[in-house]
Amino acid sequence: MGRLFAVEIVYRGIFQKNLAKNISRGIVLAAKHDGKIGISFGRYGDSPERNGIPAKSFAIIATDEETLQEGMAKYEPKETDISISVDDTLCKGVESWAWYGLQPINRLLKRGGTLIVTTMQDPDTIIGMSHRKDFPYQLALLRGIPSFSGLWVYKDDHTDVRILGAIAKVLPELLSLNAVELAIKEEWHDDLKVKSARKSFERVEMRVVAPSEGNPETPYSFELPKWQELREGLTIPGIPAGKAMTDPQTQQAGGFRPDRNPTFKKFSTRTMRPVVDFDTCVKCTLCWLQCPDSCFDVTPDALYDANMESCCGCGVCEAVCPVEHCITMVNETAFADNASQWEAWRKDKAGYQTWLQDKITHLPPREHGFRIRGQYEEEIKDLVKVGVVDTGGEKISEEVVTDPHESGAG
Amino acid sequence: MAKVIEKAQQEKEALISGSEAIAVACKLADVDVITAYPIRPYDTVMQYVAKLVANGELDCEYIVAESEHSQFEIVKHASAVGARVFCGSSGVGWMYAFEALTVTPALRIPMVAMVGNRALDDPGAFGVEHNDALAVRDLGWQLVWVDSAQEALDTALIAYRVAEDRRVFLPCAIACDGAFLTHSQSMVKIPPQEWVNAFLPPYNRGDLQLHPDNPITVAPQVNEDWLMELRKHNDEAMNRSRDVVIPEAYRDFERIFNRSYGNPFFEEYQTADADVVLVGMGTLSMPVKVAIRQMRKEGKKVGFVRLRWFRPFPAEQLAKTLSRFGAIGVIDRDFSFGAPYVSGVVATEIRAALYPVDKRPPLLDFISGLGGREVTVPDVRRMSDMLFAARAGTPQPLTTWVGVRE
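Given the structure is predicted, the values throughout are model-derived calculations rather than measurements.

A. Structural context of the overall build of chain B. When you go through chain B residue by residue, the secondary structure sums to 14 helices and 16 strands. Taking 406 residues into account, the globule formula puts the C-alpha radius of gyration at 22 Å, and chain B, at 21 Å, falls close to it. Structurally, chain B occupies a C-alpha span of about 70 × 55 × 45 Å along its principal axes. The buried share among the 406 residues of chain B stands at 49%.

B. Up close: the overall build of chain A. Regarding its fold elements, chain A presents eleven helices and 14 strands. Here chain A holds 410 residues, and the buried ones make up 43% of them.

C. Expanded view of the interface of chain B and chain A. Every contact between the two is made by 18 residues of chain B and, on the other side, 13 residues of chain A. Secondary structure elements with two or more residues in the side of chain B that touches chain A: β9 (216-218) and α10 (227-257) of chain B. Residue contributions to the side of chain B that touches chain A peak at four residues, all from α10 of chain B. The residue makeup of the side of chain B that touches chain A, split by class, is ten nonpolar, three polar and five charged. Relative to β9 of chain B, strand β8 (residues 235-237) of chain A is paired through three bridges, and the arrangement is antiparallel. Bridging across to β9 of chain B, I236 of chain A finds its partner in T217 of chain B.

D. A look at the confidence of the model for chain A. On average, residues of chain A score 88 in pLDDT, and 88% of them reach the 70 mark or higher. Confidence over residues 387-410 of chain A falls short of pLDDT 50; this stretch has 42 contacts with residues more than four positions distant or in other chains.

E. Representation of the packing of helix α2 (residues 18-28) of chain B against helix α8 (residues 149-163) of chain B. Residues and elements named next belong to chain B. α8 packs onto α2 with a crossing angle of 30° between their chain directions and a minimal axis gap of 8 Å. Here α2 lies roughly parallel to α8, going by the angle between them. Seen from above, α2 lies across α8 with right-handed handedness. Contacts between α2 and α8 involve G18, A21, I22, V24, A25 and L28 on the former and, on the latter, A149, Q150, A152, L153, A156 and L157. Taken together, the residues of the contact of α2 with α8 break down into ten nonpolar, two polar and no charged.

F. Local environment of the domain arrangement of chain B. All names here are of chain B. Once the domains are mapped, chain B shows domain 1 (2-257) and domain 2 (266-402). Taking only C-alpha atoms, the centre of domain 1 and the centre of domain 2 are 28 Å apart. On the domain 2 side, the residues contacting the 26 residues of domain 1 number 20 residues. Broken down by secondary-structure element, the contributors of at least two residues to the side of domain 1 that touches domain 2 are α7 (131-134), β6 (142-145), β7 (172-177) and α10. Among the residues forming the side of domain 1 that touches domain 2, the class breakdown is 15 nonpolar, six polar and five charged.

G. How the structure looks around the nonpolar core. Residue and element names in this part refer to chain B. Counting residues in hydrophobic clusters, the biggest one holds 126 residues, and the most contacted among them are I22 and I174. The leading source of residues in this core is α8, at ten residues. Each of domain 1 (2-257) and domain 2 (266-402) gives at least three residues to this core. I174 has contacts with I22, M114, V144, V146, A152, T155, A156 and A159, leaving out every residue within four places of it along the chain.

H. Region of the structure containing the domain arrangement of chain A. Residues and elements named next belong to chain A. Per the domain assignment, the segments making up chain A are domain 1 (4-209) and domain 2 (240-362). The distance between the C-alpha centroids of domain 1 and domain 2 comes to 34 Å. Contacts between the two partners involve 19 residues from domain 1 and, on the opposite side, twelve residues from domain 2. Within the side of domain 1 that touches domain 2, the residues separate by chemical class into ten nonpolar, five polar and four charged.

I. Broad picture of the packing of helix α5 (residues 177-188) of chain A against helix α6 (residues 191-203) of chain A. Residue and element names in this part refer to chain A. Interaxial distance between α5 and α6 falls to 9 Å at its minimum, and their mutual angle equals 155°. As summarised for this structure, α5 and α6 are arranged roughly antiparallel, according to the angle between their axes. In the crossing of α5 with α6, the sense of the turn from one axis to the other is right-handed. Contact with α5, carried on its side by L177, V180, E181, I184, K185 and W188, involves K193, V194, A197, R198 and F201 of α6 and no other residues of that element.

J. Examining the sheet that holds strand β11 (residues 276-280) of chain B more closely. Residue and element names in this part refer to chain B. If you walk across this open sheet you meet the six strands as β10-β12-β11-β14-β15-β16, and the pairing is mixed. With one partner strand each, in any of the chains shown, β10 (266-269) and β16 (399-402) form the two edges of the open sheet. For this sheet, the mean angle separating the axes of adjacent strands, direction not counted, is 20°. In the sheet, strand β14 (residues 327-332) pairs with strand β15 (residues 363-368) via five bridges, with the strands oriented parallel.

K. Up close: helix α14 (residues 377-391) of chain B. Residues and elements named next belong to chain B. In a regular helix each residue adds 1.5 Å, so 15 residues correspond to 21 Å; α14 covers 21 Å between its end C-alpha atoms and thus fits that length. Listed in full, the buried residues belonging to α14 are D379, V380, M383, S384, M386, L387 and A390. What you see down the axis of α14 is that its buried residues fit within an arc of 155°, all on one side. In the core, the buried residues of α14 are packed alongside β11, α11 (285-297), β12 (302-307), β14, β15 and β16. Where α14 ends, the next residue or the one after it, G393, has phi of about 100°, a positive value.

L. Spatial organisation of unusual backbone geometry. Residue and element names in this part refer to chain B. That bond from D122 to P123 is cis: its omega, -5°, falls within 30 degrees of zero. As for its placement among the helices and strands, P123 is situated in the loop between β5 (112-117) and α7. A positive phi angle is found at Y341, which is not glycine, with a value near 55°. What makes Y341 partly exposed here is the crowd of 13 C-beta atoms within 10 Å.

M. Examining α11 of chain B more closely. All names here are of chain B. Its 13 residues place the ends of α11 19 Å apart at the C-alpha level, agreeing with the 18 Å of an ideal helix rising 1.5 Å per residue. Every buried residue of α11 is listed here: S285, P287, V288, A291, I292 and M295. Down the axis of α11, the sector holding all buried residues measures 160°, keeping them to one side. Where α11 is buried, its residues touch β10, β11, β12 and α14.

N. Molecular detail of the confidence of the model for chain B. Taken as a whole, chain B shows an average pLDDT of 96; of its residues, 98% reach a score of 70 or greater. Taken together, the chains of this predicted complex give a pTM of 0.89 and an interface ipTM of 0.88.

What counts and what doesn't
Residues numbered from 1 in each chain as written. Chains lettered and ligands numbered in written order. Predicted model: local features only at pLDDT ≥ 70, side-chain atom pairs only at ≥ 80, totals over all residues. Helix = DSSP H or I, 4+ residues; strand = E, 2+ residues; numbered from the N terminus. Rg over C-alpha atoms; globule rule 2.2 N^0.38 Å. Buried ≥ 20, exposed ≤ 12 C-beta atoms within 10 Å, placed from the backbone. Contact = placed C-beta atoms within 7 Å. Nonpolar A, V, L, I, M, F, W, Y, C, P; charged D, E, K, R; others polar. Pairing = 2+ DSSP bridges. pLDDT = per-residue confidence, 0-100. Axes fitted to C-alpha atoms, helices over the stretch in contact; angles between N-to-C directions. Parallel < 35°, antiparallel > 145°, perpendicular 65-115°, else oblique. Left-handed = near helix turned anticlockwise from the far one by under 90°. Domains from an automatic or database assignment. Core = buried A, V, L, I, M, F, W, Y, C linked by C-beta atoms within 7 Å. Expected span 1.5 Å × (residues − 1). Arc of directions from axis to C-beta.

Structure below.
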């Protein structure tokens with residue numbers, strides 16, 4: 001048997017579908033120039049995709065046809081040489097559908113494998129979000145915010161080829177930089193993209209993650225029932241109505257917390273979450289009424305607490321809230337847990353205000369990709385200025401190649 | 001069982017067609033929701049049901065849908081909320097409902113339907129062929145063929161009993177040959193209501209019932225992690241129907257109605273000493289039986305097995321029975337173009353059933369009576385002659401079209 005390589009690309013459904021496909025296709029096309037063959041495919045269970053719900057693409061590469069068949073004779077790879085996350089909030093885990101559980105972003109990584117993440121965060125934040133592994137693995141960071149450039153309404157930010165350049169760096173046995181460059185020329189006929197790949201090859205940041213590092217939690221998981229244990233007639237019992245909440249201070253019961261689907265907790269389906277200023281809330285009920293996921297618990301004191309078990313991070317609550325800065329959507333990377341904000345506020349109002357202000361003042365707002373050519377370059381300058389990005393003395397903005405004729409367009 | 005015999009005197013006789021007999025069974029079963037859309041020959045049922053409703057003899061929701069697809073969808077939903085339902089169609093009408101037909105067994109809906117067997121268009125034709133009902137044979141529908149109006153009435157009651165059994169919860173189609181059964185009136189014994197009540201318990205959907213007090217989601221979308229287990233449910237339900245529930249229902253029917261069908265799955269006619277045997281479904285039993293009586297006078301010992309239940313298929317019993325004979329001739333009132341040995345559907349199934357048996361007699365298939373063409377007594381005699389030849393070791397074609405002009 002020859003050598004087999006498996007790469008997975010974890011992405012946000014719909015928004016990053018074409019981006020992920022471009023990457024997995026690019027891997028196969030580049031591997032061809034190194035004399036290897038491969039297959040690029042998406043996980044069929046992810047189709048039809050849903051907005052923002054985690055999904056996966058794969059590239060299986062082998063040195064010969066029979067070895068490739070060894071890698072393809074299964075639904076999806078059981079282990080990967082490289083796992084790629086094109087949205088850093090996915091490092092908290094992958095929950096694609098009910099009963100899927102929360103699967104760590106590095107779950108499939110084999111010993112010595114590499115997790116490549118596009119992010120503006122520092123390595124420690126990414127490692128802190130990712131679950132621990134029993135053995136060391138490599139983390140490779142590529143500077144960038146979650147790219148939407150596969151969507152036709154967004155400009156190309158070269159994330160696809162930048163990932164290919166990074167792969168050539170972290171696993172040259174899979175792809176040589178030369179092969180990547182040849183494939184880009186062949187597929188995209190774009191020298192700027194070749195240049196972007198080369199730069200990311202030079203600048204990808206790598207470090208080894210030790211077994212002692214990372215989120216120590218055991219992610220929730222399920223054992224799928226046997227056919228004898230399943231309900232008949234394609235029926236699923238309804239979610240019970242719910243019950244009253246308990247005030248952590250007074251132990252008084254009141255309000256209403258709807259019961260929720262125990263098999264789909266949506267912890268990783270969102271890229272941002274609402275933080276609520278309970279001191280300024282006027283109890284207008286609009287967030288509770290308009291939330292498409294019924295994520296708001298009604299507290300005994302008639303406030304509305306966004307429950308992180310069912311929040312998808314859509315931002316409707318922020319949009320309908322009539323009080324300025326009462327509900328603010330904040331990048332999911334800023335949070336370490338899914339605890340109740342209202343309970344924290346009830347226990348320590350001053351401490352909660354400090355926490356709240358920190359969340360809404362010092363962290364970058366969630367950006368849904370790029371709207372204009374050159375936007376990325378502009379944004380990264382700002383981010384460097386406010387100190388969010390640690391450049392290590394290097395001017396990161398140069399990394400992005402911008403067509404001078406198109407800059408400022410849009 | 002003296003009490004039952006006493007009750008037998010309470011049966012009334014009526015001159016009714018096979019379709020009307022099924023409508024009477026609907027009345028006796030006190031069906032809650034009936035949907036209809038006209039297509040010949042099934043429409044004879046809906047006309048008679050409409051008459052029963054109009055006369056105040058049957059209290060049910062009677063809905064004439066705008067197409068067969070809606071017709072079957074409406075009763076599917078009604079059954080999901082706990083209503084006893086009846087439906088039916090023929091030929092391409094049944095085909096137009098096909099999407100609804102596929103989801104009905106998957107949802108474990110105990111719908112009872114009558115298929116007035118009719119040739120599939122094109123060309124437009126009214127006569128009997130079995131391909132319409134047979135099209136659902138892989139989907140979880142129970143399929144039973146009857147050959148008389150009396151058997152149609154009795155089988156409809158048995159169909160409700162079997163379909164609505166919690167161990168089964170699968171739909172059941174009663175196939176009635178167009179014209180020969182749907183449009184022929186004969187004397188039928190109509191049992192008194194009390195007997196039917198004793199035989200047929202109320203439909204109880206239990207924890208699968210769609211009701212505000214039992215909040216459930218029905219038919220979610222699933223991925224590869226789930227579907228195989230769900231298909232296995234239906235597999236087990238169909239097996240329970242064959243092994244337990246159908247035999248139970250026929251035993252109870254005999255006890256309460258004092259009328260026996262013997263083996264529920266197939267009727268045997270003059271098989272005890274037969275050298276060769278013919279097999280078929282539906283009303284072709286009439287010319288076959290007449291021909292057999294003629295041939296026996298000439299010393300040719302021919303028997304006949306009339307298959308009632310095609311799904312669940314009584315493979316082991318049938319294989320055991322058929323392996324006794326010197327040759328088997330299957331009369332298929334259907335076709336399956338390109339099938340193994342270009343045989344019809346029933347012959348292909350019986351060949352498969354015989355495969356594990358040690359003694360496998362020669363099996364010849366006869367495609368006959370398509371589009372309502374008469375299966376004649378001489379046709380049956382010709383088939384039998386071929387069987388005797390096969391039994392004697394003279395090779396015969398595996399499939400022969402009998403009655404086609406050539």
